[in-house]
Amino acid sequence: MSMTPIGQGIGSYLVKKSGLALIILVCFVMGVFITLAEPDLQVLANQVASIPNVVLIWTVAVGVGLFLVIAFLRILFHINLSRLLLVGYLGLFVLAFFAPSEFTAVAFDSGGVTTGPMTVPFIMALGVGLSSARSDKNSANDSFGLVALCSLGPILMVLLLSIFYHPTDAVYAAVEIPVVTTTYDVIREFVSALPDYTHEVLTSILPVVAVLVVFQLTTRTYRPRQLFRMGVGLVYTIVGLILFLTGVNVGFAPVGNLIGNGLGGGLTQWILIPIGIVIGYYIVKAEPAVQVLNEQVEELTGGMVSRTMMNAALSIGVAGAVALAMARVLTGINIFWILIPGYALALLFTRFVPPVFVGIAFDSGGVASGPMTSTFLLPLAMGACSAVGGNVVTDAFGIVALVALAPLIAIQIMGIIYSHKSKNLASANELSADDTVIDLEEE
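Computed from a predicted model, the values in this text were never measured in an experiment. (Residues numbered from 1 in each chain as written. Predicted model: local features only at pLDDT ≥ 70, side-chain atom pairs only at ≥ 80, totals over all residues. Heavy atoms only, no water.)

S.K.: Looking at this structure, how should I read the overall build of the chain?
M.R.: Secondary structure assignment for the chain yields 19 helices and zero strands. In the chain, the share of contacts with a sequence separation of at least 24, taken over all contacts with a separation of at least 6, comes to 86%. (Helix = DSSP H or I, 4+ residues; strand = E, 2+ residues; numbered from the N terminus. Contact = heavy atoms within 4.5 Å.)

This is the structure we're talking about:
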């Protein structure tokens with residue numbers, strides 16, 4: 001109700017009315033502001049004790065702003081998405097070898113958490129608004145890919161941060177589970193935390209509201225009825241974020257950690273892998289940003305890619321990713337042994353998949369690793385890793401990155417299957433048409 005119309009309005013107005021310098025400035029500023037309000041990022045920052053929350057959040061926000069500008073320039077100058085992604089990921093992996101190993105998984109996790117329920121509706125809508133100003137046949141395809149490129153920026157900036165900022169040794173601050181004996185104690189825990197998260201959310205959302213007010217006063221783009229609807233949407237967003245962050249930090253994350261700790265100890269630890277498969281399969285359906293993406297994909301592809309197809313591919317992919325993440329927790333496998341072959345395969349598929357599926361796949365990677373992953377799966381992995389006796393920073397962190405990788409492969413496999421079926425159908429139609437012509441000639 002709020003982020004989507006803001007993104008579409010700003011995107012279409014910028015392309016039609018503004019110069020290149022102003023467009024670049026607005027894209028950068030909006031990318032930073034929207035990311036500051038992203039709840040997933042705040043949850044991750046709370047769990048990385050070696051870097052101050054403010055430093056990590058602003059580093060990631062600047063990364064999103066820079067790559068939102070690059071994503072816009074790609075649309076404007078018709079730059080091939082797959083080539084840009086190939087160059088981007090090759091650069092990231094080269095840089096990752098120079099970064100401290102303790103921060104590699106955190107860096108790739110930050111790329112997944114930034115594209116959540118705040119940023120995805122805005123960035124997807126901004127892409128639609130920017131591409132709608134173009135009249136060529138590839139404009140709809142180019143509206144995808146913004147989320148994918150915006151996931152690269154945080155990884156790059158956190159890797160650079162770990163090299164030049166010299167943070168303290170990566171440590172893991174164990175989750176403290178409060179002792180509660182009555183319902184009153186539970187309520188007291190939530191109520192006492194509410195003011196802090198209210199202040200945090202209002203501070204994050206106010207810049208977005210300010211941009212909307214300035215944009216409306218300057219351009220008069222929205223009618224009063226639209227403004228009222230967007231205002232209601234912002235109220236929903238603010239209240240929802242306050243309740244979400246309070247619930248996650250007070251209740252949800254500690255429970256995930258407690259379950260992981262219980263399952264990771266003793267002979268039951270290998271049951272984490274099948275449990276991970278089940279959780280991974282169903283957790284995608286609860287991701288709000290996934291539903292936003294699926295709806296826009298179905299609309300922009302004219303039903304060519306349905307929500308059902310997207311949900312099935314994402315669920316299967318994420319189930320496999322969580323299983324691999326749990327295997328890492330138990331065995332301590334270096335994350336590069338999974339990320340490098342995974343991204344190599346995903347980038348290889350871009351050569352054989354229709355361009356629209358490339359954009360959808362890499363966008364899906366960002367949105368699948370949303371609030372459910374960062375608030376439940378990551379604490380689950382951290383709790384299990386503590387119980388097993390592994391290194392939490394290197395073995396548990398990285399689960400968000402693996403969840404973000406899975407859809408890149410799953411959706412592109414769906415694209416290859418779809419492309420193959422389309423060619424077979426076209427061939428069958430041609431044969432049928434030829435037979436009809438022959439029959440008519442015989443008659």
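S.K.: Just checking my understanding: could you explain the confidence of the model for the chain for this structure?
M.R.: Detailed reading of predicted coordinates is not advised where the pLDDT is low. With 87% of its residues at a pLDDT of 70 or more, the chain shows a mean pLDDT of 80. Looking over the chain, one finds the lowest element-wise mean pLDDT in helix 8 (residues 139-142), namely 58, and the highest in helix 15 (residues 336-349), namely 89. (pLDDT = per-residue confidence, 0-100.)

S.K.: Sorry if this is basic, but what is going on with the side chain of Asp109 here?
M.R.: With respect to the helices and strands, Asp109 occurs in helix 6 (residues 104-113). In this structure, Asp109 is buried with no salt-bridge partner, the nearest side chain bearing the opposite charge being Arg328 at 7.4 Å. (Buried < 20%, exposed > 50% of the residue type's maximum accessible area, 1.4 Å probe, protein only. Lys, Arg positive; Asp, Glu negative; His and termini not counted. Salt bridge = Lys/Arg side-chain N within 4 Å of Asp/Glu carboxyl O.)

S.K.: Before we go on, may I ask you to explain the packing of helix 5 (residues 81-96) against helix 15 in this structure?
M.R.: Helix-helix packing: each pair is described by the crossing angle between the helix axes and the interaxial distance. Two elements in contact, helix 5 and helix 15, have axes whose closest approach is 11 Å; the angle formed by their N-to-C orientations is 165°. As the angle between them shows, helix 5 and helix 15 are arranged roughly antiparallel. Where helix 5 crosses over helix 15, the handedness of that crossing is left-handed. Contacts from Leu85, Leu86, Tyr89, Phe93 and Ala96 in helix 5 reach Phe336, Leu339, Ile340, Tyr343 and Leu347 in helix 15. Considered class by class, the residues forming the contact of helix 5 with helix 15 number 10 nonpolar, no polar and no charged. (Axes fitted to C-alpha atoms, helices over the stretch in contact; angles between N-to-C directions. Parallel < 35°, antiparallel > 145°, perpendicular 65-115°, else oblique. Left-handed = near helix turned anticlockwise from the far one by under 90°. Nonpolar A, V, L, I, M, F, W, Y, C, P; charged D, E, K, R; others polar.)

S.K.: Where do I start with the packing of aromatic side chains in this structure?
M.R.: Within a pair of aromatic rings, the relevant descriptors are the distance that separates the centres and the angle that separates the planes. One pass over the structure, following the stated rule, counts eight aromatic pairs. Relative to Phe362, the ring of Tyr89 lies with its centre 6.2 Å away and its plane at 45°, an arrangement referred to as tilted. Of the two residues, Tyr89 is situated in helix 5 and Phe362 in helix 16 (residues 355-368); the sequence distance between them amounts to 273 residues. Note on Phe362: relative accessible area 3%, which makes it buried. (Phe/Tyr/Trp six-rings, centres within 6.5 Å; stacked < 30°, edge-to-face > 60°.)

S.K.: Hey, could you run me through helix 12 (residues 272-283) in this one?
M.R.: Think of an α-helix as turning once every 3.6 residues; residues three or four places apart then point the same way. For helix 12, with 12 residues, the first-to-last C-alpha span of 15 Å sits near the 16 Å given by 1.5 Å per residue. For helix 12, the full list of buried residues reads Leu272, Gly276, Gly280 and Ile283. Projected down its long axis, helix 12 shows its buried positions confined to an angular sector of 75°, all on one face. Here the buried face of helix 12 lies against helix 11 (224-264), helix 14 (307-331) and helix 17 (371-388). (Expected span 1.5 Å × (residues − 1). Arc of directions from axis to C-beta.)

S.K.: How do you make sense of the pattern of salt bridges when you look at a structure like this?
M.R.: Side-chain pairs of opposite charge can arise where the charged atoms are in close proximity. Per the counting criterion, the structure on display carries one salt bridge. A salt bridge links Arg188 to Asp185; its shortest N-O distance comes to 3.5 Å. Placement of both Arg188 and Asp185 in helix 10 (residues 183-219) is noted, with a separation of three residues, approximately one turn of the helix. A residue is classified by how much of its surface remains accessible, and Arg188, at 41% relative accessible area, is partly exposed. Of the residues examined, Asp185 reaches a relative accessible area of 11% and is grouped as buried.

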